[in-house]
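The lines below spell out each chain.
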Amino acid sequence: MQVIYASEPTPGRPNEDYLVAGPGWVVLLDGATAHPDVDPGCAHDPGWLVRRLGGVLAGRLAAEDGAPLDDLLADAIRAVGGMHGECDLGNPDSPSATVAMLRRRGGRLEWLVLADSPVLLDDGEVRVIQDDRVARLPSYTVEAVRAARNSPGGFWVASTRPEAAYEALTGDAPLGGVRRAAVLSDGAARLVERFGLTGWDGLLDLLDRAGPREVIRRTRAAEAGDAEVNGRGKRFDDATAVLVRF
Ligand SMILES: [Zn+2]
């Protein structure tokens, strides 16, 4: 299993994406940028959260004790909750992150996807494992997103509630059939999702042929040339693209 990745922040900002990998596993976390008008009840920023979660998850995955991925994530959320000190863990605006994990175990490839960091698997055809709940909210006001975050019928992210781990998409496939896979933060999926310049199979081919840096370079070029920023979210975003070859 060969892992190749690149991660680049929004120009001029700290990177709130975080990647850890080991022999047989990959974890990508994408911290949600804090809204400037919201009090998160927390002294920490999304970068702090993804580094702590990534560190705890790496430690647990390195132990290779066979625990299910959702249990590992629930344990990590609980453990990082204990590192917050005096912060208000009941605040629904506490920093949060997406999680995408791949792990080789026995003859299987396992995945976990929580919120909008998609995983692509190529086992002859390209499959997309994508949690699109955050894209289907009825409203995107600060109040509506707060009410939907980590609540039934809304969307789930890694923050302070361990039970969010069990809302992730999980599954596995025979490893023998999988040629390659990709793990993407939403900022590295924009060539498909925002700009429509290629499809998922085209993005995976580009990643394989030209490498993760080229995927991000083309994403930045598309963002720079995008005149219609208003109403379409952030102009630039942290972008992390991971290629896994088997
Ligand atoms: Zn905190």
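So, a few notes on the structure that sits alongside this text.

Cut-off values and rules
- Along every chain, residues carry numbers that run from 1 in the direction the sequence is written.
- Totals for whole chains, interfaces and linings use all residues, but because this is a predicted model, local features are given only for residues with pLDDT of at least 70 and pairs of side-chain atoms are given and counted only at 80 or more.
- Hydrogens are left out, water is left out, and the side-chain values use all remaining heavy atoms of the structure.
- By definition, two strands form a pair when at least two bridges between them are found by DSSP.
- Strands here mean DSSP runs of E at least two residues long; helices mean DSSP runs of H or I at least four residues long; both are numbered from the N terminus.
- Only C-alpha atoms enter the line fits that serve as axes; for helices the fit covers just the stretch in contact. Angles between N-to-C directions range over 0 to 180 degrees.
- To sort residues, take the accessible area from a 1.4 Å probe on protein chains only and compare it with the maximum for the residue type: under 20% means buried, over 50% means exposed, and anything in between is partly exposed.
- What counts as a salt bridge is simple: a side-chain nitrogen of Lys or Arg found within 4 Å of a carboxyl oxygen of Asp or Glu.

Considering the sheet that holds strand β3 (residues 25–31)
Line of reasoning, step 1. Taken in spatial order, the five strands line up as β2-β3-β4-β5-β8 in an open sheet, and their pairing is antiparallel. Looking at which strands have only one partner, the edges of the open sheet turn out to be β2 (17–22) and β8 (169–174). Neighbour-to-neighbour, the strand axes of this sheet turn through a mean angle of 10°, independent of strand direction.
Line of reasoning, step 2. The pairing of β3 with strand β4 (residues 97–105) spans seven bridges and is classified as antiparallel. The partner of aspartate 30 across the bridge, within β4, is threonine 98.

Focus: the environment of glycine 85
Line of reasoning, step 1. Inspection of the secondary structure puts glycine 85 in the loop between α2 (69–81) and β4.
Line of reasoning, step 2. Judged by its relative accessible area of 57%, glycine 85 falls in the exposed class.

Some thoughts on the pattern of salt bridges
Pairs can form between side chains of opposite charge once their charged atoms are near each other.
Line of reasoning, step 1. Inspection of the entire model under this criterion finds 25 salt bridges.
Line of reasoning, step 2. A salt bridge links arginine 133 to aspartate 131; the shortest N-O distance between them is 2.8 Å.
Line of reasoning, step 3. Arginine 133 sits in the buried class, given a relative accessible area of 18%.
Line of reasoning, step 4. Overall, aspartate 131 belongs to the buried group, its relative accessible area being 4%.
Line of reasoning, step 5. Each of Asp122, Arg179, Arg180, Asp205, Asp208 and Arg245 takes part in one network of salt bridges that share partners.

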